[in-house]
Amino acid sequence: NAGVTQTPKFQVLKTGQSMTLQCAQDMNHNSMYWYRQDPGMGLRLIYYSASEGTTDKGEVPNGYNVSRLNKREFSLRLESAAPSQTSVYFCASSEFRSGANVLTFGAGSRLTVL
Amino acid sequence: KNQVEQSPQSLIILEGKNCTLQCNYTVSPFSNLRWYKQDTGRGPVSLTIMTFSENTKSNGRYTATLDADTKQSSLHITASQLSDSASYICVVTSYSGAGSYQLTFGKGTKLSVIP
């Protein structure tokens, strides 16, 4: 079982360039999420998708767009990258189990914007 | 505003020693609390999940406690190993009905276990 797979693992961009982070899960989870993690800060939710066909903004959505392509895939797009978007990005998916929403995270994508 | 505070920010202990990490939260309405372990360069992995009615839960050498009255949780690590070196993140979920959840993440405690 691969779980949650993110690509690429590393990326360097110049200011103004665009790119898409890909995420796929093979656990048949309905919900998927994109988080960013910065030094000294907790994980912050960028966007989430409660189910196929729906997406909603999280805590820090500005500068990002998402697409829930199907139940398995949830992509994050930076249209015009800025240095403030230098971060480690985590995709996660979740299922509701034993009264709790259990998240499974990908390994992360480290993005540097110069 | 929902908040999760973790202490200490970082901790260094000798291999074989025990340690306790703290998590205080102001999250309402409370649904559950989870501790995640995040190895350097990896995504967080769930260690324990605790709901309102649970006081203690163990996962091997990891024991989590929850005091819902004081809104505090702790993660106790027994007989630490070098592989315990990681960041430990406390996450509290609030459920606002109609299938809507909000997760509030702590900033984590960075644990270093040295020989």
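Keep in mind it's a predicted model, so treat the numbers as computed, not measured.

Membership of the largest hydrophobic core comes to 23 residues, with the highest contact counts inside it found for Tyr25(B), Leu33(B), Trp35(B), Leu75(B), Tyr88(B) and Val92(B). Other than its neighbours up to four places away in sequence, Tyr25(B) contacts Gln3(B), Val4(B), Phe30(B), Leu33(B), Leu66(B), Asp67(B), Ala68(B), Lys71(B), Gln72(B) and Val92(B). Ranked by size, the runner-up nonpolar core spans 20 residues in total, among them Leu21(A), Leu78(A), Ala81(A) and Tyr89(A).

Moving on, we get to the sheet that holds strand β8 (residues 74-78) of chain A. Residues and elements named next belong to chain A. Read across the sheet, four strands follow the order β1-β3-β8-β7 without closing on themselves; strand pairing throughout is antiparallel. In the strand order of this sheet, the two ends are held by β1 (4-7) and β7 (64-68), each with one partner. Averaged over all pairs of adjacent strands, the angle between strand axes in this sheet comes to 15°, irrespective of strand direction. Pairing geometry for β1 and strand β3 (residues 19-25), over four bridges, is antiparallel. Counterpart to Thr-7 in the pairing with β3 is Gln-22.

This part takes up the interface of chain B and chain A. In this complex, chain B contributes 17 residues to the contact, which on the side of chain A involves 17 residues. For the pairing of chain B and chain A, the buried interface totals around 1,300 Å² over both sides, and the portion due to carbon and sulfur atoms is 60%. The three residues of chain B that bury the most area against chain A are Pro44(B), Tyr101(B) and Phe105(B), which together make up 33% of that side's buried surface. The tally of links between chain B and chain A comes to zero salt bridges. Counting every contact that joins chain B to chain A gives one residue pair in polar contact (both at pLDDT 80 or more). Among the elements of the structure, β4 (30-38), β5 (45-51) and β10 (101-105) of chain B are those that each provide at least two residues to the side of chain B that touches chain A. Per element, the largest residue contribution to the side of chain B that touches chain A is five residues, and it comes from β4(B). When grouped by side-chain class, the residues that make up the side of chain B that touches chain A number seven nonpolar, seven polar and three charged.

This part takes up unusual backbone geometry. Residue and element names in this part refer to chain B. In this chain, Ser-7 is followed by Pro-8 through a cis amide linkage whose omega measures -10°. Tracing the chain through its elements places Pro-8 in the loop between β1 (3-7) and β2 (10-14). Unlike most non-glycine residues, Lys-71 shows phi in positive territory, near 60°. Mapped onto the elements of the fold, Lys-71 is located in the loop between β7 (62-67) and β8 (72-77).

With that out of the way, let us pick up the pairing of strand β6 (residues 56-59) of chain B. Residue and element names in this part refer to chain B. When β6 meets β7, the two strands line up antiparallel, connected through four bridges. Across the sheet, Lys-57 pairs through a bridge with Ala-64, a residue of β7. Count of turn residues in the β6/β7 antiparallel hairpin: two residues, of which Gly-60 carries a positive phi of about 65°.

Reading the values: rules and limits
Residues numbered from 1 in each chain as written. Chains lettered and ligands numbered in written order. Predicted model: local features only at pLDDT ≥ 70, side-chain atom pairs only at ≥ 80, totals over all residues. Heavy atoms only, no water. Core = buried A, V, L, I, M, F, W, Y, C linked by side-chain atoms within 4.5 Å. Buried < 20%, exposed > 50% of the residue type's maximum accessible area, 1.4 Å probe, protein only. Contact = heavy atoms within 4.5 Å. Pairing = 2+ DSSP bridges. Helix = DSSP H or I, 4+ residues; strand = E, 2+ residues; numbered from the N terminus. Axes fitted to C-alpha atoms, helices over the stretch in contact; angles between N-to-C directions. Buried area = accessible area lost by both parts, 1.4 Å probe. Salt bridge = Lys/Arg side-chain N within 4 Å of Asp/Glu carboxyl O. Polar contact = N/O pair within 3.5 Å; in protein donor to acceptor, adjacent residues only side chain to side chain. Nonpolar A, V, L, I, M, F, W, Y, C, P; charged D, E, K, R; others polar.

Just distances and angles here, no functional claims.
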